[in-house]
Amino acid sequence: MTTHRKNKILIVAYPNQGQINPSLCFAHRLVNLGVNVTFCTSFSVIKRIDMKTTHHGLTFAPFSDGHDHGHQPTTTLQQFISDFATNGASAVAEIITTAAVEGQPFDHLVYTTILSWAARVAIAHGIESTLLWCQPATILGIYYYYFTGYESLISSNNNNPEFPLNLPGLPLLTIADLPSFLSASCPMEHEFVREFMKDHIDVLKFAPRVLVNTFDELEAECVKAMEKIVMLPVGPLVPPEILDNSLKCDFFEKPMEDYIGWLNTKSKSSVVYVSFGSLSNLSTEQVEEIAFGLIESERPFLWVIRDGGQSSRLRNLEVLKKQGVIVGWCSQVEVLNHQAIGCFVTHCGWNSTLEALAAGVPTVGCSQWSDQPTNAKMIQDVWKTGVKVKRREGDGMVEGKEIKRCLEMVMEDEDIKKNALKWRDIARQAIVVNSGSSIINLLAFLDDA
């Protein structure tokens, strides 16, 4: 069979951290394999990237999406995505056309989750495209089945969170384990996301191969579950310093606080790291409950609270300061790699989940929305590297005593610790040059094999 090596690739990435980070890692991996890569996203993202840490062979092509200061609270998510699509489609078309006129056409276009319009732009310009799915293969599987025969079953049982779902090739799930966009409690302003996911499935009928930020061993059955979709796991797409802590290459410039100096004073596996990502907004009551659980656990902690005003209003702030450290930002990959970290309390975003797996850190899952409930289910019941919290009936609050219970379980359970280390080793093996399963998959993609 004749193969055609892809030598020049355009990557179009949605401008949030959950997709920018893995797609940048993917771009770097391609450049290391000798591919000419152009990375296209909004100005608001590109201007925050620390160019000192990016590969010299990577070209950036920013465009104005109408929100050059990023997504603001006054703009609905639907409007933001719509503006990015409108401005992005014309920008990507111009980039493709200009490259062709200059005699240096792109071989291929890779686009991230939510950007199925980019595939249509590629089709219009005679270029093949591939989706880079920045969530687990299991999530893509759930959406695939939802839109190809299981929608009525799921919808008719949406008010029964314990209703079991046996989807082919996927772990046994319940309604409560599904992505929030498919749940009965999904806010009306987020229901439009279902249409984006349906469009992804429709587009995949024409380009059925998908690059997935996972690795073969992590979701072995799921990556082969859908007959009409070929999944190529190419992850974990995590910053290289999570795999080699001698490297320092955070993509984004950030202020530094002396949390590492503090961690250096703590004994091995003794510290609880708490962070809920870049998008989660917890209520004041929920933050207070977390504080109570940390105090009751009597363990040292490093807690990231992005809202400085929220942290300054904590009732037991002085007690908390004696027991741990609260910061507005930290380098998560650096923290997860620190020998003092024994547990990660997380929202279970996919980037954070993969970073914890690759670092061998057990987790307490406090999922919020999107793919996070499914990720928390996998962490507890499939990979067994942590536990997920139980929420209070009625309002869904996670009480402080529940935080304490989960911390004790994760920090003291030897099986969970062993599983975390097992998956760390498998994750790192997956991207070993020439022999790792994800590298083999990536080379197959580049060679059209």
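Keep in mind the model is a prediction, meaning the values are calculated, not measured.

A look at the overall build of the protein chain
Link 1 in the chain: Within the protein chain, the regular secondary structure consists of 16 helices and 15 strands.
Link 2 in the chain: Against the compact-globule benchmark of 22 Å for 449 residues, the protein chain has a radius of gyration of 22 Å, which places it among compact chains.
Link 3 in the chain: Projecting the C-alpha coordinates of the protein chain onto the three principal axes gives extents of approximately 65 × 50 × 45 Å.
Link 4 in the chain: When each of the 449 residues of the protein chain is scored for burial, the buried share is 59%.
Link 5 in the chain: When contacts within the protein chain are restricted to residue pairs at least 6 apart in sequence, long-range pairs at least 24 apart make up 66% of them.

Concerning the packing of helix α5 (residues 137-156) against helix α13 (residues 372-382)
Link 1 in the chain: It is at 10 Å that the axes of α5 and α13 come closest, and there the two elements cross at 125°. Judged on the interaxial angle alone, α13 and α5 are oblique. Regarding α5 and α13, the two cross each other, and that crossing is right-handed. Residues T138, I139 and I142 of α5 lie in contact with α13, whose contacting residues are T374, N375 and M378.

Quick word on the sheet that holds strand β11 (residues 301-304)
Link 1 in the chain: One open sheet accounts for six strands, arranged β12-β11-β10-β13-β14-β15; its pairing is parallel. The open sheet is flanked by β12 (325-327) and β15 (386-388), the only strands paired with a single partner. Geometrically, the sheet is characterised by an average inter-axis angle of 15° between neighbouring strands, direction not taken into account.
Link 2 in the chain: Alignment of β11 against β12, held across three bridges, turns out to be parallel. By the bridge assignment, V304 is partnered in β12 with V327.
Link 3 in the chain: Packing of helix α8 (residues 284-297) onto the sheet brings it into contact with β10 (271-275) and β11, and relative to β11 it is tilted by some 170°.

Topic: helix α12 (residues 350-359)
Think of an α-helix as 3.6 residues a turn; residues three or four steps apart then line up on the same face.
Link 1 in the chain: Within α12, 10 of the 10 residues are buried, which leaves it mostly tucked inside the rest of the structure.
Link 2 in the chain: Regarding α12, the residues found buried are W350, N351, S352, T353, L354, E355, A356, L357, A358 and A359.
Link 3 in the chain: In this structure, the buried side of α12 is in contact with α1 (17-32), α11 (332-336), β13 (341-346), β14 (363-365), α13 and α15 (414-430).
Link 4 in the chain: Of the residues flanking the end of α12, it is G360, one or two places downstream, whose phi is positive at about 75°.

Regarding the environment of T148
Link 1 in the chain: Assignment of secondary structure puts T148 in helix α5.
Link 2 in the chain: Its relative accessible area of 38% is what places T148 among the partly exposed residues.
Link 3 in the chain: Taking the C-alpha atoms as reference, T148 lies 35 Å from R424; in sequence the two are 276 residues apart.
Link 4 in the chain: Looking at T148, its side chain comes within polar contact range of the main-chain oxygen of Y144, at 2.5 Å.

Comments concerning the nonpolar core
Side chains that are nonpolar tend, in soluble globular proteins, to be buried together.
Link 1 in the chain: Core analysis: the largest hydrophobic core is formed by 64 residues, its most contacted members being L10, V92, L109, W117 and W133.
Link 2 in the chain: Contributions of two or more residues to this core are made by β1 (8-12), α3 (77-101), β4 (108-112), α4 (116-124), β5 (128-133), α5, α6 (193-203) and β8 (209-212).
Link 3 in the chain: Residue contacts for L10: discarding those within four places in its chain leaves T38, C40, V92, I95, I96, F106, H108, L109 and V110.
Link 4 in the chain: By size, the runner-up hydrophobic cluster in this structure holds 37 residues, among which are V238, Y259, Y273 and V335.

Observations concerning unusual backbone geometry
Link 1 in the chain: In this model, G235 is joined to P236 through a cis peptide bond whose omega is 5°.
Link 2 in the chain: Note on placement: P236 falls in the loop between β9 (230-233) and α7 (259-263).
Link 3 in the chain: For S370, which is not glycine, the phi dihedral falls at a positive 55°.
Link 4 in the chain: With respect to the element layout, S370 can be found in the loop between β14 and α13.
Link 5 in the chain: The exposure class of S370 is buried, given its relative accessible area of 10%.
Link 6 in the chain: A positive phi angle is found at K384, which is not glycine, with a value near 55°.

Describing the sheet that holds strand β3 (residues 58-60)
Link 1 in the chain: In spatial order, the strands read β3-β2-β1-β4-β5-β8-β9; together these seven strands make up an open sheet with parallel pairing. Across the chains shown, the open sheet's two edge strands, defined by having one partner strand only, are β3 and β9. When strand polarity is set aside, the average angle formed by the axes of neighbouring strands in this sheet is 25°.
Link 2 in the chain: Pairing geometry for strand β2 (residues 36-40) and β3, over three bridges, is parallel.

As for the side chain of N213
Link 1 in the chain: When you line up the elements, N213 lands in the loop between β8 and β9.
Link 2 in the chain: Accessibility expressed as a relative area gives 0% for N213, which makes it buried.
Link 3 in the chain: A polar side-chain atom of N213 sits 2.7 Å from the main-chain amide nitrogen of L237.
Link 4 in the chain: Sequence-distant contacts of N213, defined by excluding residues within four places in its chain, comprise P22, W133, C134, Q135, G235, P236, L237, W350, N351 and L354.

A few points about the packing of aromatic side chains
Link 1 in the chain: The final tally for this structure, using the stated rule, is 15 aromatic pairs.
Link 2 in the chain: Where Y144 meets Y145, the ring centres are 5.4 Å apart and the plane angle is 75°; that geometry is what we call edge-to-face.
Link 3 in the chain: Since its relative accessible area comes to 12%, Y144 is described here as buried.
Link 4 in the chain: The exposure class assigned to Y145 is buried, which follows from its relative accessible area of 6%.
Link 5 in the chain: The structure contains a cluster of three or more aromatic residues connected by ring pairs, namely Y14, F63, F80, F84 and W117.
Link 6 in the chain: Its guanidinium or amino end placed over the ring of F445, K6 lies 4.5 Å from that ring's centre, counting from NZ or CZ.

Cut-offs used in this document
- Residues numbered from 1 in each chain as written.
- Predicted model: local features only at pLDDT ≥ 70, side-chain atom pairs only at ≥ 80, totals over all residues.
- Heavy atoms only, no water.
- Helix = DSSP H or I, 4+ residues; strand = E, 2+ residues; numbered from the N terminus.
- Rg over C-alpha atoms; globule rule 2.2 N^0.38 Å.
- Buried < 20%, exposed > 50% of the residue type's maximum accessible area, 1.4 Å probe, protein only.
- Contact = heavy atoms within 4.5 Å.
- Axes fitted to C-alpha atoms, helices over the stretch in contact; angles between N-to-C directions.
- Parallel < 35°, antiparallel > 145°, perpendicular 65-115°, else oblique.
- Left-handed = near helix turned anticlockwise from the far one by under 90°.
- Pairing = 2+ DSSP bridges.
- Polar contact = N/O pair within 3.5 Å; in protein donor to acceptor, adjacent residues only side chain to side chain.
- Core = buried A, V, L, I, M, F, W, Y, C linked by side-chain atoms within 4.5 Å.
- Phe/Tyr/Trp six-rings, centres within 6.5 Å; stacked < 30°, edge-to-face > 60°.
- Lys NZ or Arg CZ within 6 Å of the ring centre and 35° of its normal.

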